[in-house]
Amino acid sequence: MAVTLVQAQRVGYTFLKALLRFGFMVANNLVAIPSYILYLMILQPLRVLDSKLFWYIEGVLFKWLLAMVASWGWWAGYTVVEWGDDVKAVTEDEAVVLVNHQATGDVCTLMMCLQDKGMVVRQMMWLMDHIFKYTNFGIVSLIHGDFFIRQGKAHRDQQLVLLEKHLEKYYRSRSRKWIVLFPEGGFLRKRRETSQAFAKKNNLPFLQHVTLPRLGATQVILKSLLGQQENGTPAGGDSMKAENKLKGLQWVIDITIAYPRAEPIDIQTWILGYRQPTITHVHYRIFPIKDVPAEPEALTHWLYQRFIEKEDLLSHFYKTGAFPPLQGQTAVSREMTLNNLWLVGIQSLAFLSGGMWYCILRYFYHCLF
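Residues numbered from 1 in each chain as written. Predicted model: local features only at pLDDT ≥ 70, side-chain atom pairs only at ≥ 80, totals over all residues. Heavy atoms only, no water.

Draft legend 1. Quick peek at the overall build of the protein. What the protein contains, in helices and strands, is 12 helices and 8 strands. Taken over C-alpha atoms, the radius of gyration comes to 22 Å for the protein, in line with the 21 Å a tight globule of 369 residues would show. Counting across all 369 residues of the protein, residues that qualify as buried make up 47%. For the protein, restricting intrachain contacts to residue pairs at least 6 apart in sequence, the fraction spanning at least 24 positions comes to 78%. (Helix = DSSP H or I, 4+ residues; strand = E, 2+ residues; numbered from the N terminus. Rg over C-alpha atoms; globule rule 2.2 N^0.38 Å. Buried < 20%, exposed > 50% of the residue type's maximum accessible area, 1.4 Å probe, protein only. Contact = heavy atoms within 4.5 Å.)

Next comes the structure, spelled out in structure tokens:
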């Protein structure tokens with residue numbers, strides 16, 4: 001079939017837009033990431049004098065970097081509608097965040113929809129596949145204290161030991177609040193067939209839109225971070241003493257991401273913006289930690305139930321275009337928004353910082369040589 005002039009113009013416009021977006025993203029990375037590193041280098045004395053203040057500043061810079069990533073999707077029309085519980089109520093508490101995983105764009109979606117949840121983004125720790133260590137953002141995640149995990153049976157036991165040590169060393173010393181992980185251990189399209197075979201062998205439900213989660217990392221996190229609490233608050237004892245103690249882990253936040261027509265957004269689409277504007281739907285459920293069993297077999301069953309519920313939620317969404325309301329709720333959705341002026345401001349600050357560091361380094365270079 002012959003290509004019409006209008007179609008050719010549309011393709012040309014899409015290609016030009018993608019090229020310009022890619023150029024901007026590269027420039028953005030070239031100024032923002034080195035600036036982040038250099039700011040923290042000159043603040044190293046503060047890390048010794050006041051570690052809490054140092055990690056507060058690092059967290060603010062980290063939040064801005066994630067906002068820049070969010071802006072690439074936001075300005076391409078990739079927006080978010082939120083459903084279920086309001087997680088803003090628990091952003092000051094410690095929580096484990098469980099998310100289904102369909103594509104690389106899931107991380108970008110979280111970077112976007114958590115931007116308006118107070119300062120939780122700066123206090124988050126991410127668990128991600130070790131391959132991300134070698135991306136442009138890897139150095140930032142290493143400095144921030146995220147954990148890169150290797151998949152596969154050969155590495156599993158060693159990785160869980162390393163995760164436990166990592167949490168002991170970095171989680172509370174850097175005032176982290178939320179820890180985000182993808183319990184499925186990989187993308188849906190890669191793990192679905194194996195998961196369904198495992199389910200059939202073990203008489204478990206057949207899942208199409210999610211896969212059965214893996215227990216290891218979740219169990220280590222709960223064991224490491226769990227403190228004394230009752231329904232999200234410290235249990236027993238004098239209230240003043242309890243106030244001075246670490247509250248410990250208080251919530252599990254179950255996040256389900258759904259894309260229209262089950263077509264996930266990948267990182268290439270997020271950067272280049274060649275897909276038409278798309279609304280991604282994000283559903284939240286909050287569970288008090290007292291409702292989460294600690295014993296491995298019971299925890300496995302509890303975790304399986306969460307992903308069986310995700311399957312039901314996604315099945316309903318793909319049939320109706322909406323998530324069902326939670327029990328006792330009537331209002332079902334809310335549009336998540338970002339402030340364009342704020343996004344322009346942090347982008348401008350990144351480029352100004354890049355220019356400043358270039359001038360400083362150039363000056364010292366000429367002084368030395």
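Draft legend 2. Representation of the sheet that holds strand E5 (residues 178-181) in the model. Read from one edge of the open sheet, 8 strands run E4-E3-E5-E2-E6-E7-E1-E8, paired in mixed fashion. The sheet is open, and its two borders are formed by strand E4 (147-149) and strand E8 (333-336), each paired with just one other strand. Across the sheet, the mean angle from the axis of one strand to that of its neighbour is 25°, orientation sign disregarded. Here strand E6 (residues 249-258) runs beside strand E7 (residues 278-288); their pairing, made up of 8 bridges, is antiparallel. Paired with isoleucine 255 across the two strands is tyrosine 284, which belongs to E7. Of the strands in this sheet, strand E2 (94-99), strand E3 (124-129), E4 and E5 are in contact with helix H6 (residues 153-171), which crosses E4 at around 175°. Its contacts with the sheet put helix H8 (residues 216-225) on E2, E3, E5 and E6, and the angle it makes with E5 is roughly 170°. (Pairing = 2+ DSSP bridges. Axes fitted to C-alpha atoms, helices over the stretch in contact; angles between N-to-C directions.)

Draft legend 3. Up close: the pattern of salt bridges. Taken as a whole and judged by the stated rule, the model has 10 salt bridges. Salt-bridge contacts for lysine 117 lead to glutamate 82; the nearest nitrogen and oxygen are separated by 2.7 Å. Note that lysine 117 is positioned in the loop between helix H4 (105-113) and E3 and glutamate 82 in strand E1 (residues 78-84), a separation of 35 residues in sequence. Accessibility assignment for this pair places lysine 117 and glutamate 82 in one class, buried. A salt bridge links lysine 117 to aspartate 116, with the nearest nitrogen and oxygen atoms 2.6 Å apart. Each of Glu82, Lys88, Asp116 and Lys117 takes part in salt bridges that share partners, so that together they form one network. (Salt bridge = Lys/Arg side-chain N within 4 Å of Asp/Glu carboxyl O.)

Draft legend 4. Looking closely at H4. Extensive coverage of H4 is indicated by the burial of 9 of its 9 residues. Buried residues of H4: Gly105, Asp106, Val107, Cys108, Thr109, Leu110, Met111, Met112 and Cys113, and no others.

Draft legend 5. Representation of the environment of proline 34 in the model. Looking at the element boundaries, proline 34 is found in helix H1 (residues 5-42). With relative accessibility at 35%, the residue proline 34 sits in the partly exposed group. Sequence-wise, proline 34 and tryptophan 357 are 323 residues apart; in three dimensions their C-alpha atoms are separated by 8.7 Å.

Draft legend 6. Inspection of the pairing of E1 at higher detail. Burial analysis of E1 places 7 of its 7 residues in the buried class, the great majority of the element. Here E1 pairs with E7 via 7 bridges, running parallel. Looking at the pairing, valine 81 lines up with histidine 281 of E7. Summarising the sheet, E1 and E8 pair through 4 bridges and their orientation is antiparallel. Looking across to E8, one finds that tryptophan 83 is bridged to serine 333.

Draft legend 7. Structural context of the nonpolar core. Leu110, Trp126, Trp178, Ile253 and Ile255 are the most contacted members of the largest nonpolar core, which totals 61 residues. In terms of residues, this core owes the most to one element, helix H3 (residues 51-74), which gives 12 residues. One finds Leu98, Ile221, Val252 and Leu299 within the second-largest nonpolar core, a separate group that totals 26 residues. (Core = buried A, V, L, I, M, F, W, Y, C linked by side-chain atoms within 4.5 Å.)

Draft legend 8. The packing of aromatic side chains, seen in detail. What the rule picks out here adds up to 10 aromatic pairs. Arranged with centres 5.3 Å apart and planes meeting at 75°, the rings of tyrosine 39 and tryptophan 357 form a pair that is edge-to-face. Of this pair, tyrosine 39 sits in helix H1 while tryptophan 357 is found in helix H12 (residues 340-368), placing the two residues 318 residues apart along the sequence. Here tyrosine 39 falls in the partly exposed class, since its relative accessible area comes to 25%. By relative accessible area, which is 9% here, tryptophan 357 ends up buried. Across from the ring centre of tryptophan 302, 4.6 Å away, lies the NZ or CZ of arginine 306, which sits over that ring. It is lysine 310 that lies over the ring of phenylalanine 307; its NZ or CZ is 5.3 Å from the centre. (Phe/Tyr/Trp six-rings, centres within 6.5 Å; stacked < 30°, edge-to-face > 60°. Lys NZ or Arg CZ within 6 Å of the ring centre and 35° of its normal.)

Draft legend 9. Spatial organisation of a positive patch on the surface. A cluster of like positive charges, contributed by Lys153, Arg156, Lys201 and Arg214, occupies part of the molecular surface. Along the chain, the position of lysine 201 falls in helix H7 (residues 188-201). A residue is classified by how much of its surface remains accessible, and lysine 201, at 73% relative accessible area, is exposed. (Patch = residues over 30% accessible without salt bridge, like charges linked within 9 Å, V, L, I, M, F, W, Y side chains within 5 Å. Areas by Shrake-Rupley, 256 points an atom, 1.4 Å probe, with all protein chains shown as cover. Lys, Arg positive; Asp, Glu negative; His and termini not counted. Charge placed at Lys NZ, Arg CZ, Asp CG, Glu CD.)

Draft legend 10. Main features of the packing of H3 against H12. At a minimum axis distance of 10 Å, the contact between H3 and H12 shows a crossing angle of 120°. By the angle between their directions, the pair H3 and H12 is classed as oblique. The chirality of how H3 crosses H12 is left-handed. Contacts between H3 and H12 pair Lys63, Trp64, Ala67, Met68, Ser71, Trp72 and Trp74 from the former with Asn340, Trp342, Leu343, Ile346, Gln347, Leu349 and Ala350 from the latter. A class-by-class count of the residues in the contact of H3 with H12 yields 10 nonpolar, 3 polar and 1 charged. (Parallel < 35°, antiparallel > 145°, perpendicular 65-115°, else oblique. Left-handed = near helix turned anticlockwise from the far one by under 90°. Nonpolar A, V, L, I, M, F, W, Y, C, P; charged D, E, K, R; others polar.)

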